[in-house]
Amino acid sequence: MEFYCEGMMKRKLGFTLIELLVALGITAVVLLLAVPSIRERNKKVNLDTAAQVMLKDSQFMEKWFGLNGRYTSDAAGSNFPSLPYLLAPESGVALYYISLKSGSSDSGNGYILLGQPLCGTIQADMGCICIDQDANVIKSTNSSCNNSGGLCSCINSSSLSAAVQAKIVAQR
């Protein structure tokens, strides 16, 4: 039962269509501005996470050097030991493949860990990560780790060994 006094109008509750459209438009603009920055932030977090995994490999190499007196697994200085972490991050979708290469002309006395982004991932256009035997970290670089001449290209997972491919599938 509704009572009205003379001169009073019935008040409607809710929003008008125009008010809803304005609110929707403001929300859309905010999302358009926020989503790209969130993606870029996620890429940077993934880059940092991969660098942390690579630092674990660097610690492994330092332990190897402490036990063997060289970074390589042979006296000729041509073969490196197998790394404990070949993919980064350690869990979830693999984004980087980690490999070792010689970092100095002195046989067995230097190394560079190279983290290459896997093709088809969000990190594919972020460049490589390099860590040398002195724990110098270079992010978003080329495969020579010298920042001259653009970023390194991503690595296709089909070009990796069957064991690494199986780890990539298992992480998904």
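Because the structure is a prediction, the values reported are computed rather than measured.

Asker: Honestly, unusual backbone geometry in this entry has me stumped. Any pointers?
Answerer: Trans is the prevailing form of peptide bonds, just as negative phi is the prevailing case for residues other than glycine. Of the consecutive residues A88 and P89, the connecting peptide bond is found in the cis state with omega at -5 degrees. We note that A135 has phi near 65 degrees; this positive angle belongs to a residue other than glycine. In this fold, A135 is placed in the loop between β4 (128-132) and β5 (137-141). Residues other than glycine seldom take positive phi values, yet C145 does so here, at roughly 65 degrees. Residue position: C145 is located in the loop between β5 and α2 (162-171). On the basis of relative accessible area, C145 is assigned to the buried category, the value being 12%.

Asker: What should I look at first to understand the pairing of strand β2 (residues 96-102) in this one?
Answerer: The side chains of a regular strand alternate, residue by residue, between the two faces of the sheet. Most of β2 sits out of view: 5 of its 7 residues are buried. The pairing of strand β1 (residues 87-88) with β2 spans 2 bridges and is classified as antiparallel. Looking at β2, one finds that L87 is bridged to Y97. Across 7 bridges, β2 lies against strand β3 (residues 111-117) in antiparallel orientation. When the sheet's bridge partners are listed, S102 is paired in β3 with Y111.

Asker: What's the story with helix α1 (residues 17-68) in this structure? I'm lost.
Answerer: The α-helix winds at 3.6 residues per turn, so residues separated by three or four positions along the chain end up facing the same way. With 52 residues, α1 should reach 76 Å at 1.5 Å per residue; the first-to-last C-alpha distance of 75 Å fits that figure. Along α1, the residues that are buried comprise K43, L47, A50, A51, V53, M54, D57, S58 and M61. Turning to α1, the residues buried within the fold contact β1, β2, β3, β4 and β5. Following α1 by one or two positions, G69 adopts a phi angle in the positive range, close to 80 degrees.

Asker: What's the story with α2 in this structure? I'm lost.
Answerer: Inspection of α2 places V164, I168 and Q171 among the buried residues, and these make up the whole buried set. Looking down the long axis of α2, one finds its buried residues gathered within 70 degrees of arc, a one-sided arrangement. Looking at α2, the residues exposed on the side facing more than 90 degrees away from the buried face are A162, A163, V169 and A170. On its buried face, α2 is in contact with β1 and β2.

Asker: Honestly, the side chain of N142 in this entry has me stumped. Any pointers?
Answerer: Here N142 is to be found in the loop between β5 and α2. Polar side-chain contacts of N142 include one of 2.8 Å to the side chain of N146.

Basis of the calculations
- Residues numbered from 1 in each chain as written.
- Predicted model: local features only at pLDDT ≥ 70, side-chain atom pairs only at ≥ 80, totals over all residues.
- Heavy atoms only, no water.
- Helix = DSSP H or I, 4+ residues; strand = E, 2+ residues; numbered from the N terminus.
- Buried < 20%, exposed > 50% of the residue type's maximum accessible area, 1.4 Å probe, protein only.
- Pairing = 2+ DSSP bridges.
- Expected span 1.5 Å × (residues − 1).
- Contact = heavy atoms within 4.5 Å.
- Arc of directions from axis to C-beta.
- Polar contact = N/O pair within 3.5 Å; in protein donor to acceptor, adjacent residues only side chain to side chain.

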